[in-house]
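Report on the structure
Read off the chains here:
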Amino acid sequence: MNIQFSPDDQLFREDVRQWLADNRPREQRPSVADLAACREHDTAWQKTLFDAGWAGIAWPEACGGRGLSLTRQLIWYEEYAAADVPPGGWKSVCFVGLAHAGPTLIACGEDNHKAEHLPKILDGSAVWCQGFSEPGAGSDLASLRTRGEIDGDHLVINGQKLWTSYADVADFQELLVRTDPDAQKHRGITWVVCDMKTPGITIRPIRNMAGESEFCEVFYDDVRIPLSQVIGGLNNGWRTAMSTLSFERGTAFIADQVELEHDVVKMEQLAREVHIGGRAAIAHDEIAERLAGLKAEVIALKAMTYMSISRNSNQDLPGPEGSIVRLFFAKLSQRISHFGMELLGADGLVYQGKHEELVRTYLFRYADTIAAGTEQIQRSIIGERVLGLPKSR
Amino acid sequence: MNLLPTTEQAEIVSVIGEFLSSEVPIRRYQETINLGTPYSAALWQQFVKLGWFGVSCPEHLGGSGLGIAEEILLAREAGRQLISPTVLATAFTANLASRHDQAGLANSLINGEKRVAIALATKEDNYLMFDGGDADYLLTCHDNKINLFPAAAIAKAETLKGTDESVSLTRTTLTGTPLLKNIGESDVMRLAIGLCAVLTGIAESACAAAVSYAGEREQFGQPIGAFQTIKHLCADMAVRNEAAWSQCVYAGLSLQDEHEDATRKIAAAVEMSARAALENARTNIQVHGGVGFTVEYDAHLLVKRTHVLSSLLDSLIDRRKVLLKQ
Ligand SMILES: Cc1cc2nc3c(=O)[nH]c(=O)nc-3n(C[C@H](O)[C@H](O)[C@H](O)COP(=O)(O)OP(=O)(O)OC[C@H]3O[C@@H](n4cnc5c(N)ncnc54)[C@H](O)[C@@H]3O)c2cc1C
């Protein structure tokens, strides 16, 4: 047990800090209302990161990465969160590719898949989205019905996906389809790379409760995908999907976990600025107590992140413990933003101007206990796969 | 950076864990609740043989020369089996003495000749001493400070009925001056992080008991753990364990490495471990139903010991003030 970063790690940290200070973009990221502009911004920034050697820090060298430790990746996120830079984590359109599509290809793809897709993920030239959920298949993902029929050396896709984040600005999709309708429900599924420019795809953006359209409905009408784009084998897609989800629930949100610390700092500032009953909010016992609790939790989140990195450094696939941190993060992020909303009082009713960002974050946080598996599903995973409790009958 | 135990540390934990679960398992309270003298001389010697009291003392004093990491690993195991606070206070004081030029005192604790009980200052200027029946010294916790007194300093002692019946309780007044001078903040924090680890052990013990019962007990034709309401209560316990233990390690190692924000991290460890212990102990009773509410079963003791340890921690660190300091 140690929390020492090696001298080389320290040097790496210095390098990252210096580079970010010198190279961070001076302009703001465009508003999410204009996703195309966001794509342009995020991918240009990703290209800059790639050129400077900051993309794929912990990816194997054979896959175009730097082949460094997860600890180095963590250091990058820590410095990134501390610098005044465009949002990382799942707020970037490059998220799916970097955080779980890429890692899935590394774990389950053939060399030709890796060679075709990984470089473009790393340098920002390809944006990915995730086509797992459907109208009838949310938590019960294995009940998905979008069909994939074999026709010669192609899969022909018909059906619909739902809640596909960034679909309308994406180039590729991790797509789950049913290729054997007669097999038992987990057995007849295939994980395939769908080129979003293929004819037959229709995309309709959906507005979320924060008023933005980051996710979409996607319709497939005789969409032809070469069988060579199947990852992990035909009808073996559930296993490939489980590895995608283990990255999504295990390591994908490290950047967001690290960034949450800064949200609490903002809340503390707010609690000192805002006055309630003629005194600074923080001078009220109940508010001080809650803030202290949130600060403790966000420090613990960092410790949990370190713990999970320690675990994941010894294993190829993140284990089910990832759901523990994911659940803790999701509940905490909501408590923090809710606390801010309470501090704002009537000012929180105005969704523009000074507090717009805080209100947006508050509204957006409602997704944290739904996306990447609802909090109920995370609890069931912890109960069954971490604690070994029996499945419900 | 790696928060997992090394192979050597895992080995220590497994030896200690096996010893405690065979010699002083938490189950023992279901048979007798041993008030007064915490442990027989023979049992105490077994702790000595395992090197418990000298774990972090220098080797020339008979210790093992290990550090805070090993201290908290041991403390966590102690929490899991509700080991007497006297065991913890004795190990802590041995280390304290060794770093304050009190080799003789350290040695007498390491070799089991002497024991140290812990005591908490009350508002009335006296102390509540836990499991101090035959202690030779008293470690007092008071206003973010600790002091060490010889048992001879006890002017008056009155046995009380304790809320936690698994430790004896004595109200004492003290006279005279403490034995050690200049006990600093980092020493206080070292005791605090040890107690946090004990609380984490309690939280883990509660979770393990609940999970095990939920897998066995059947109602409506299935194990109650198959019901999501019960399963999800258990999952929340596991989340609290992970938060508490990760934070204990992070804070303990920060103290070991003398990081300037170690106190703040320990304040967070207090918050997370006290919360985990109480919430998990409470949930464990709920998962057990009626049997959890009985005195024969040990679930209630996890709640009660948590209150003792949390009160001690409150007297060692002003958690809120530390966390809100800019
Ligand atoms: C912002 C956002 C972005 C998203 N992005 C993507 C994306 O890019 N790609 C993608 O494929 N999906 C995406 N999703 C979809 C997400 O994965 C699903 O919303 C999620 O899995 C839940 O499915 P559902 O919405 O159908 O809810 P349902 O599964 O219908 O759940 C409704 C409620 O029932 C509960 N429930 C369901 N089953 C159980 C059970 N067995 N036990 C207990 N409770 C249960 C749930 O917890 C929930 O409270 C996104 C979602 C959000 C909010």
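Residues numbered from 1 in each chain as written. Chains lettered and ligands numbered in written order. Predicted model: local features only at pLDDT ≥ 70, side-chain atom pairs only at ≥ 80, totals over all residues. Heavy atoms only, no water.

1. Let's talk about the overall build of chain A
- Within chain A, the regular secondary structure consists of 11 helices and nine strands.
- When each of the 393 residues of chain A is scored for burial, the buried share is 56%.
- A separation of at least 24 residues holds for 71% of the contacts in chain A among residues at least 6 apart in sequence.
- Summing over all exposed atoms, chain A offers an accessible surface of approximately 16,600 Å²; the carbon and sulfur share of this is 50%.
- Of the charged side chains in chain A, 41 are positive and 54 negative; the average position of the first set lies 4 Å away from that of the second. (Helix = DSSP H or I, 4+ residues; strand = E, 2+ residues; numbered from the N terminus. Buried < 20%, exposed > 50% of the residue type's maximum accessible area, 1.4 Å probe, protein only. Contact = heavy atoms within 4.5 Å. Areas by Shrake-Rupley, 256 points an atom, 1.4 Å probe, with all protein chains shown as cover. Lys, Arg positive; Asp, Glu negative; His and termini not counted. Charge placed at Lys NZ, Arg CZ, Asp CG, Glu CD.)

2. Observations regarding the nonpolar core
- Ranked by size, the top nonpolar core spans 170 residues in total, and within it F47(B), W52(B) and I193(B) carry the most contacts.
- With 17 residues, helix α7 (residues 185–216) of chain B is the single largest residue contributor to this core.
- Both of domain 1 (7–126) and domain 3 (253–386) of chain A provide at least three residues apiece to this core.
- Counting 32 residues, the second largest nonpolar core, distinct from the first, contains A126(A), W128(A), A137(A) and I231(A). (Core = buried A, V, L, I, M, F, W, Y, C linked by side-chain atoms within 4.5 Å. Domains from an automatic or database assignment.)

3. With respect to the domain arrangement of chain A
Residue and element names in this part refer to chain A.
- By domain assignment, chain A separates into domain 1 (7–126), domain 2 (129–235) and domain 3 (253–386).
- Computed over C-alpha atoms only, the centres of domain 1 and domain 2 are separated by 25 Å.
- Counting from both sides, the interface comprises 21 residues of domain 1 and, opposite them, 19 residues of domain 2.
- Of the roughly 1,600 Å² buried between domain 1 and domain 2, counting both surfaces, carbon and sulfur atoms make up 63%.
- The residue R39 makes a salt bridge to D171 at a minimum N-O spacing of 2.9 Å.
- Along the contact surface separating domain 1 from domain 2 lie six residue pairs in polar contact (both at pLDDT 80 or more). (Buried area = accessible area lost by both parts, 1.4 Å probe. Salt bridge = Lys/Arg side-chain N within 4 Å of Asp/Glu carboxyl O. Polar contact = N/O pair within 3.5 Å; in protein donor to acceptor, adjacent residues only side chain to side chain.)

4. Overview of the confidence of the model for chain B
- Taken over all residues, the pLDDT of chain B has a mean of 95, while the share at 70 or more is 98%.
- Among the prediction metrics, the complex's ipTM stands at 0.95, with pTM recorded as 0.96. (pLDDT = per-residue confidence, 0-100.)

5. Observations regarding the sheet that holds strand β2 (residues 127–130) of chain B
All names here are of chain B.
- Read from one edge of the open sheet, six strands run β4-β3-β1-β2-β6-β5, paired in mixed fashion. Either end of the sheet is taken by a strand with one partner, and the two such strands are β4 (145–150) and β5 (154–160). Put simply, the sheet's adjacent strands are angled 30° from each other on average, direction ignored.
- Lying over the sheet, helix α5 (residues 85–99) contacts β1 (116–121), β2, β3 (137–142) and β4, oriented at roughly 100° with respect to β1. (Pairing = 2+ DSSP bridges. Axes fitted to C-alpha atoms, helices over the stretch in contact; angles between N-to-C directions.)

6. Observations concerning unusual backbone geometry
- You will see that D222(A), though not glycine, has its phi angle at about 50°, which is positive.
- Position of D222(A) among the secondary structure elements: in strand β7 (residues 215–226).
- The partly exposed category is assigned to D222(A), whose relative accessible area is 47%.
- A positive phi angle, near 50°, is found at L82(B), a position not held by glycine.
- Inspection of the secondary structure assignment puts L82(B) in the loop between α4 (68–80) and α5.

7. Remarks on helix α6 (residues 237–250) of chain A
All names here are of chain A.
- Given a rise of 1.5 Å per residue, 14 residues ought to cover 20 Å, and the 19 Å separating the end C-alpha atoms of α6 matches this to within 8%.
- The element α6 is extensively covered by neighbouring structure, given that 12 of its 14 residues are classed as buried.
- For α6, the set of buried residues is G237, W238, T240, A241, S243, T244, L245, S246, F247, E248, R249 and G250.
- In the core, the buried residues of α6 are packed alongside α4 (95–108), β1 (128–131), β4 (172–178), β5 (189–195), α9 (322–344) and α11 (375–386). (Expected span 1.5 Å × (residues − 1).)

8. Here's the deal with the side chain of E242(B)
- Along the polypeptide, E242(B) turns up in helix α8 (residues 228–256).
- Side chain to side chain, E242(B) and R311(A) meet in a polar contact 3.1 Å long.
- Beyond its immediate chain neighbours, meaning those up to four positions away, E242(B) contacts M304(A), M307(A), R311(A) and I324(A).

9. Focus on the packing of helix α8 (residues 285–312) of chain A against α9(A)
Residues and elements named next belong to chain A.
- Remark: α8 packs on α9, axes separated minimally by 10 Å, with the N-to-C direction vectors making an angle of 155°. Considering the angle they form, α8 stands roughly antiparallel to α9. The interaxial crossing formed by α8 with α9 has left-handed handedness. Contacts between α8 and α9 involve I287, R290, L291, L294, E297, V298, L301, M304 and S308 from the former and I324, V325, F328, F329, L332, R335, I336, F339, E342 and L343 from the latter. (Parallel < 35°, antiparallel > 145°, perpendicular 65-115°, else oblique. Left-handed = near helix turned anticlockwise from the far one by under 90°.)

10. Side note on the interface of chain B and chain A
- Every contact between the two is made by 50 residues of chain B and, on the other side, 45 residues of chain A.
- In this structure, the connection of chain B to chain A is made through seven salt bridges.
- Scanning the region where chain B abuts chain A turns up 20 residue pairs in polar contact (both at pLDDT 80 or more).
- Counting residues per element, the ones that place at least two in the side of chain B that touches chain A are α4, α7, β8 (222–223), α8, α9 (262–288) and α11 (319–324) of chain B.
- The greatest single-element share of the side of chain B that touches chain A, amounting to 17 residues, is contributed by α8(B).
- When the residues that make up the side of chain B that touches chain A are grouped by side-chain class, the tally is 25 nonpolar, 14 polar and 11 charged. (Nonpolar A, V, L, I, M, F, W, Y, C, P; charged D, E, K, R; others polar.)

11. Comments concerning the pattern of salt bridges
- Summed over all chains, the structure comprises 47 salt bridges over all chains.
- One salt bridge in this structure joins E149(A) and R147(A), with 3.4 Å as the shortest N-O distance.
- A residue is classified by how much of its surface remains accessible, and R147(A), at 24% relative accessible area, is partly exposed.
- With its nearest N and O atoms 2.6 Å apart, the salt bridge here joins R319(B) to E289(A). Within this pair, whereas R319(B) is found in helix α11, its partner E289(A) is found in helix α8, the two belonging to separate chains.
- Given the relative accessible area of 31%, E289(A) is considered partly exposed.

12. Observations concerning the environment of A300(A)
- Here A300(A) is to be found in helix α8.
- Distance in space between the C-alpha atoms of A300(A) and F328(A) is 9.8 Å, their sequence separation being 28 residues.
- Apart from the residues within four sequence positions on either side, A300(A) is in contact with A243(B), Q247(B) and M272(B).

13. Considering α4(A)
Residues and elements named next belong to chain A.
- The terminal C-alpha atoms of α4 lie 19 Å apart, and with 14 residues this matches the ideal 20 Å at 1.5 Å per residue to within 8%.
- The principal kink in α4, of about 40°, is found at A101, preceding the proline P103 by one to four residues.
- With 11 of 14 residues buried, α4 lies mostly within the body of the structure.
- All of the buried residues in α4 are F95, V96, G97, A99, H100, A101, G102, P103, T104, L105 and I106.
- Close packing links the buried residues of α4 with α5 (111–122), β1, β4, β5 and α6. (Bend = angle between axes of the 7 residues up to and from the residue.)

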